[in-house]
Amino acid sequence: MDQSDVAGDLADILLTEEQLGSRLDEMAAQIDADYAGKDLLLVGVLKGAVMVMADLSRRLHHPVSMDWMAVSSYGSGTKSSGVVRILKDLDTDLSGRNVLIAEDIIDSGLTLSWLVQNLRSRGPESVEIATMLRKPDAAKVEVDVKYVGFDIPNEFVVGYGLDYAEKYRNLPFIGTLAPHVYA
């Protein structure tokens, strides 16, 4: 899928496939340096983090383990309340492990803040976060993020794992959705 397939649905291309790949290379190099000689478990948050976790893991130069979680936050409409339910839990014991949560985007930070506390309660050596996108203007709680791809404006974005009504996840870039699509 490319831009021509969804041209009428997008207002703008925010980050190209090349920009995403270049930043992932930089993030992977830093992660490799930070975790040299250490066992690393990547934890992806379904569904959005699939692209980020797959591409990031392929850029790392040492073996990693991977696991997935699916969580749902309750709220009104499109707003998260921070009340979270685990839909799919990890299969891996975190005791003594170095955990790196791979995320697609951090908006309010409410769900991720809950998730970090939940994972820390399971006895890991460390819990850190890597995210492709962060919206500083949307933050409701402070979340310590070790690796950030890009800070972006508080706009509705799709592509590279991010969806609207389960569509647009397979775009290789990040774009802003035209208002007529979700109005």
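Numbering of residues begins from 1 in every chain and follows the order in which that chain's sequence is written. Only residues with pLDDT of at least 70 are given local features in this predicted model, and only at 80 or more are side-chain atom pairs given and counted; all residues enter the totals for whole chains, interfaces and linings. For side-chain calculations, the full set of non-hydrogen atoms in the structure is used, while hydrogens and water are omitted.

A.B. asks: I would appreciate a short explanation of the pattern of salt bridges in the present structure.
C.D. replies: What makes a salt bridge here is a side-chain nitrogen of Lys or Arg within 4 Å of a carboxyl oxygen of Asp or Glu, nothing more. Scanning the entire structure with this criterion turns up 13 salt bridges. The partner of Asp151 in a salt bridge is Arg134, and the shortest N-O contact between them spans 2.7 Å. Taken together, the residues span a long stretch of sequence, with Asp151 in strand β7 (residues 147-151) and Arg134 in strand β6 (residues 126-134) at a distance of 17 residues. The rule is simple: take the accessible area with a 1.4 Å probe, protein chains only, and divide by the maximum for that residue type; under 20% is buried, over 50% is exposed, in between is partly exposed. Classification of Arg134 by relative accessible area gives partly exposed; the value is 26%. Linking Glu166 and Arg169 is a salt bridge whose minimum nitrogen-to-oxygen distance equals 3.2 Å. Using a relative accessible area of 47% as the deciding quantity, one classes Glu166 as partly exposed. When salt bridges with common partners are traced through the structure, they connect Lys47, Asp163, Glu166 and Arg169 into a single cluster. Starting at the N terminus, helices and strands are each numbered in turn, a helix being any DSSP run of H or I of at least four residues and a strand any DSSP run of E of at least two.

A.B. asks: Explain the environment of Arg134 to me, please; I cannot follow it from the model alone.
C.D. replies: The sequence separation of Arg134 and Val148 amounts to 14 residues, and the corresponding C-alpha distance is 7.1 Å. When checking whether two residues touch, look at their non-hydrogen atoms; a contact exists if any pair is within 4.5 Å. The residues contacting Arg134, other than those within four sequence positions of it, are Ile106, Val145, Val148, Phe150, Asp151 and Ile152. Distance and chemistry together define a polar contact, namely a pair of N or O atoms within 3.5 Å, with one atom able to donate a hydrogen and the other to accept it when in protein, and with adjacent residues in sequence counting only for side-chain atoms on both sides. At 2.7 Å, the side chain of Arg134 forms a polar contact with the side chain of Asp151.

A.B. asks: Explanation requested: the nonpolar core in the structure shown.
C.D. replies: Counting 26 residues, the largest nonpolar core has Ile31, Leu100, Met132, Leu133 and Ile174 as the members making the most contacts within it. Those elements giving two or more residues to this core turn out to be α1 (17-34), β2 (40-46), α2 (50-59), β5 (98-106), β6 and β7. Not counting chain neighbours up to four residues away, the residues in contact with Ile31 comprise Leu40, Leu56, Leu60, Leu100 and Tyr147. Of all hydrophobic cores here, the second largest spans 20 residues; its members include Leu94, Leu119, Val127 and Val143. Put simply, buried Ala, Val, Leu, Ile, Met, Phe, Trp, Tyr and Cys residues joined by side-chain atoms within 4.5 Å make one nonpolar core.

A.B. asks: For this particular structure, what's the right way to read the packing of α1 against α2?
C.D. replies: For any two helices packed against each other, the geometry is given by the interaxial angle and the distance between the axes. Direction vectors running N to C along α1 and α2 enclose 55 degrees, while the axes themselves pass 9 Å from each other. Comparing their axes, α2 and α1 come out oblique. Remark: the crossing between α1 and α2 carries right-handed chirality. Here Gly21, Leu24, Asp25, Met27, Ala28, Ile31 and Asp32 of α1 lie close against α2, whose contacting residues are Asp55, Leu56 and Arg59. Lys, Arg, Asp and Glu make up the charged group, whereas Ala, Val, Leu, Ile, Met, Phe, Trp, Tyr, Cys and Pro make up the nonpolar group; the residues left over, Gly among them, are polar. Residue composition of the contact of α1 with α2, by class: five nonpolar, one polar and four charged. An axis is simply a line fitted to the C-alpha atoms; with a helix, the fit covers only the stretch in contact. Between two such axes, the angle follows the N-to-C directions and lies from 0 to 180 degrees. Relative orientations are named as follows: roughly parallel for angles under 35 degrees, roughly antiparallel for angles over 145 degrees, roughly perpendicular for angles from 65 to 115 degrees, and oblique for any other angle. Helix crossings are classified by the rotation of the near helix relative to the far one: an anticlockwise turn of less than a right angle makes the crossing left-handed, while a clockwise turn makes it right-handed.

A.B. asks: Would you mind going over the environment of Arg120 with me for this structure?
C.D. replies: Tracing the backbone through its elements, the reader meets Arg120 in helix α3 (residues 110-120). You can call Arg120 partly exposed: its relative accessible area is 43%. For Arg120 and Ala139, which are 19 residues apart along the polypeptide, the C-alpha to C-alpha distance reads 21 Å.

A.B. asks: So what exactly am I meant to see when it comes to the sheet that holds strand β8 (residues 157-158) here?
C.D. replies: By definition, the strands of a sheet pair up through backbone hydrogen bonds, in either a parallel or an antiparallel sense. Taken together, three strands build an open sheet; the order of strands is β1-β9-β8 and the sheet is antiparallel. In the strand order of this sheet, the two ends are held by β1 (10-15) and β8, each with one partner. For two strands to be treated as a pair, DSSP must find at least two bridges joining them. Here β8 runs beside strand β9 (residues 174-177); their pairing, made up of two bridges, is antiparallel. Residue pairing for β9: Val157 is matched across the bridge by Thr176.

A.B. asks: Looking at this structure, how should I read the side chain of Ser126?
C.D. replies: If you trace the backbone, Ser126 turns up in strand β6. Classification of Ser126 as buried rests on a relative accessible area of 18%. Only 2.9 Å separates the side chain of Ser126 from the side chain of Asn98, close enough to count as a polar contact. Excluding residues that lie within four positions of it along the chain, Ser126 makes contacts with Arg97, Asn98 and Val99.

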